Each structure stands twice: as structure tokens, then as C-alpha cells.
Amino acid sequence: MNTALIRVLLAIDTATPSRGLLEVVAGLGLGTQVSLQAAFFEDQGLLESASLSCAREVSHRELVPRALDRQSLERQILWRRETLKRHFLASARPLAREHQFRSIRGPTGSELLREAREHDVLILGRPGPLTCLPSWMGARLEHLLQSGPSTIVLAQDDWSTGAALVAVTGSDNTGDKALATASRIASAAALPLTVLNQALLNPGATGTPDQPVDYLADSPGTRELVNQLRQKAVRALVINAELAARYPELIPTVLRKTMSSVVICH
């Protein structure tokens, strides 16, 4: 009997580091029954901006901005794509039964959403703290939550060095997808797992699903969670999509103020 493969989309672009995201694939504990697709998104908006007379390129090596050259920019994107492709093809075989590297042109945000709908797991990464939240590669988090795959991983650079996992569950964690996912990741990496109930993060909350309480960046619950993630050097916070949608400030705050990745489960 054939076992259906888990479809994993590794979304990368020119800002993606060569190493790191494949470690996230391995660390999810999915086994090898995986169809892994690495999609390199070429930012057409960036190329079009290079044709504007007012566009300038600023380099950390040069103090004076210079005019953008589209052909030079296209060569840089091509070089970056080929570098990522070589690393992926050299490293992906032990992680998946099937693997493929593709290049995608077009409006990045809409193309990312379209690709994500065809997969079970979406992995997104950026070097360093994700400062442009809550948007990834032109796709807003709310849109990914509404139409994305069953698992979304927002990966940060410290994934491989993280020393623990934290899962936040709802009021009744029986059969909780976040808890099951966090347990699988923790088991695969032999990491300790801490389970927090959402109510414990906001002990005075009286909100309901129809009347959610505010979960702001400076709320006591958010500050306590951020402190725990820092103190324990947490590799990833695992949370259900329903909670992520109810408290839209929670995930951006965690990613800005810690080096923990976030795994969102439907």
C-alpha cells in the first residue's frame, strides 16, 4: 500500500541564507516520506524598480548611492538562485523521497499563496530577526493563515542552536494539533517541551472566541512568554492557527523580540 507523501514547500528568495532552512526540514520530525519542493521566488517588483530613473542602490561598502542597473541586478539574482540551488540539491536527498528546485517569477505574494495551498507544510525564512512583519515575501500572515497549508514554519537563524520547545494550547488541549506537532519536533530533536495554556498567559482574561481580549505586544502575558523563550533559548514556539488569528500581535512580537522560530498549526 502506498503511503501519501507529506508535501513540504521551502520558500526562498534572494534574502535567504544558503544554509539553515534544510536543518528546519530535518528538525520537524516528518521522516523521509516527504516530497520537498524548494521554490525560489524572483522578485519581479525589484527588477521593475531597477528601470526607474529615481531608483538607487545603497551598498554597505560604498557611501554614495548609485543608479540601479537592471541587467546587473538580474545577474545578481541568477547567481543567488544558482548558489541556493547547488546547496539544496547537494543536501536534500537524505531528507525526502522526492525533492525538486524550481524558480518562480511573478508577483511574489500571490505566487507564494498559490504555491502554499498545494502543500501540507510551508517553511519561510529570513536572515536575522524578521523586522518586516507581519508580511513575508509579499504575503501577509493573515492571508497565509486563511488559505495556507496545515503547518506554517516561520524560521529564524537560531533554529539549530535552540535548546527547548514551547507549545501554547487552548483552554482544552485534548487532541490539540499544536501539542502533537510540538511533541513530534521535541522527540525528533531530543529537546525538552514546555506546554503553556493560553489562559495562563492572560490570567485575568474574560474574553471568548466571539469577544477576544487584546493580546498586545506589551501585555503581561506576552512579556512573560517572551521572557520564557529567551531564558530557555527556545528553538520554536508552536501555536494553533486559531490563537494566532485571535492575537495578531503575538507572533510578530515573538519574532521581533526573540530568536525563536514559530510553528503555526491548523
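Each chain carries its own residue numbering, running from 1 in the written order of its sequence. Residue-level local features of this predicted model are given only where pLDDT is at least 70; pairs of side-chain atoms are given and counted only at 80 or more, and the full residue set underlies all totals for whole chains, interfaces and linings. Just so you know, side-chain values use all the structure's heavy atoms and leave hydrogens and water out.

## Looking at the pairing of strand β6 (residues 121-125)
Note on exposure labels: buried denotes an accessible area under 20% of the residue type's maximum, exposed denotes more than 50%, and partly exposed covers the range between, all computed with a 1.4 Å probe on protein chains only. Under the scheme used here, helices are H or I runs from DSSP no shorter than 4 residues and strands are E runs no shorter than 2 residues, and both carry numbers assigned from the N terminus. In terms of burial, β6 is a largely internal element, five of the five residues being buried. The criterion for strand pairing is that DSSP finds at least two bridges linking the strands in question. As paired elements, strand β1 (residues 6-12) and β6 share four bridges and run parallel to each other. The residue bridging leucine 9 from the neighbouring strand is leucine 122, located in β6.

## Describing the sheet that holds strand β5 (residues 98-106)
One open sheet accounts for nine strands, arranged β5-β2-β1-β6-β9-β13-β12-β10-β11; its pairing is mixed. Each edge of the sheet is formed by a strand with only one pairing partner; in this case those strands are β5 and β11 (193-197). The average undirected angle you get between the axes of adjacent strands in this sheet is 20°. The pairing of strand β12 (residues 234-240) with strand β13 (residues 261-265) spans five bridges and is parallel. The residue bridging isoleucine 239 from the neighbouring strand is isoleucine 264, located in β13. Any two residues having at least one pair of non-hydrogen atoms within 4.5 Å are treated as being in contact. For helices, the fitted axis covers only the stretch in contact; all axes are lines through C-alpha atoms, and the angles between them, taken along N-to-C directions, range from 0 to 180 degrees. Contacts between helix α3 (residues 70-91) and the sheet are confined to β1, β2 (34-43) and β5, with β5 contributing the most and set at about 165° to the helix.

## Some words on the pattern of salt bridges
Only one rule defines a salt bridge in this text: a Lys or Arg side-chain nitrogen within 4 Å of an Asp or Glu carboxyl oxygen. The final tally for this structure, using the stated rule, is eight salt bridges. Between arginine 105 and glutamate 42 there is a salt bridge, and its shortest N-O distance comes to 2.6 Å. Of this pair, arginine 105 sits in strand β5 while glutamate 42 sits in strand β2, and the two are 63 residues apart along the sequence. According to the relative accessible area criterion, glutamate 42 is buried, its value standing at 4%. With its nearest N and O atoms 2.8 Å apart, the salt bridge here joins glutamate 115 to arginine 102. Taken together, the residues glutamate 115 in helix α4 (residues 108-116) and arginine 102 in strand β5 connect sequence positions 13 residues apart. On the basis of relative accessible area, glutamate 115 is assigned to the buried category, the value being 6%. By relative accessible area, which is 22% here, arginine 102 ends up partly exposed. Several salt bridges share partner residues, and in doing so they unite Glu42, Arg81, Glu82 and Arg105 into one network.

## With respect to the packing of helix α8 (residues 220-231) against helix α10 (residues 250-257)
Axes are the key here: two packed helices are described by the angle between their axes and the distance separating the axes. Viewed as axis vectors pointing N to C, α8 and α10 meet at an angle of 40°, and their least axial separation amounts to 10 Å. Considered as vectors, α8 and α10 are oriented oblique to each other. Between α8 and α10 lies a crossing of right-handed hand. The segment α8 lies against α10, with Thr222, Leu225, Val226, Leu229 and Arg230 engaging Leu250, Thr253, Val254 and Lys257. Relative orientations are named as follows: roughly parallel for angles under 35 degrees, roughly antiparallel for angles over 145 degrees, roughly perpendicular for angles from 65 to 115 degrees, and oblique for any other angle. It is the rotation of the near helix from the far one that decides the hand of a crossing: anticlockwise by less than a right angle makes it left-handed, clockwise makes it right-handed.

## Considering the nonpolar core
Put simply, a nonpolar core is a bunch of buried Ala, Val, Leu, Ile, Met, Phe, Trp, Tyr and Cys residues held in one set by side-chain atoms that sit within 4.5 Å of each other. Within the largest apolar cluster, 38 residues are counted, with the highest numbers of intra-cluster contacts made by Leu10, Leu28, Leu36, Phe88, Ile123, Val153 and Val238. Judged by nonpolar contacts, the second largest core, of 37 residues, contains Phe41, Ala116, Ala139 and Leu237.

## Here we look at helix α6 (residues 177-189)
Each full turn of the α-helix corresponds to 3.6 residues, which orients residues three or four apart in the same direction. A helix is expected to span 1.5 Å for every residue after the first. Here α6 spans 18 Å end to end across 13 residues, near enough to the 18 Å set by a 1.5 Å rise per residue. Those residues of α6 that fall on the buried side of the exposure criterion are Ala178, Thr181, Ala182, Ile185 and Ala186. One side of α6 holds all its buried residues, which, seen down the axis, span an arc of 130°. Turned more than 90 degrees off the buried face of α6, the exposed positions are Ser187 and Ala188. The inward-facing, buried residues of α6 contact α1 (21-27), β10 (164-169), β11, β12 and β13. The directions from the helix axis to the C-beta atoms are what the arc is built from.

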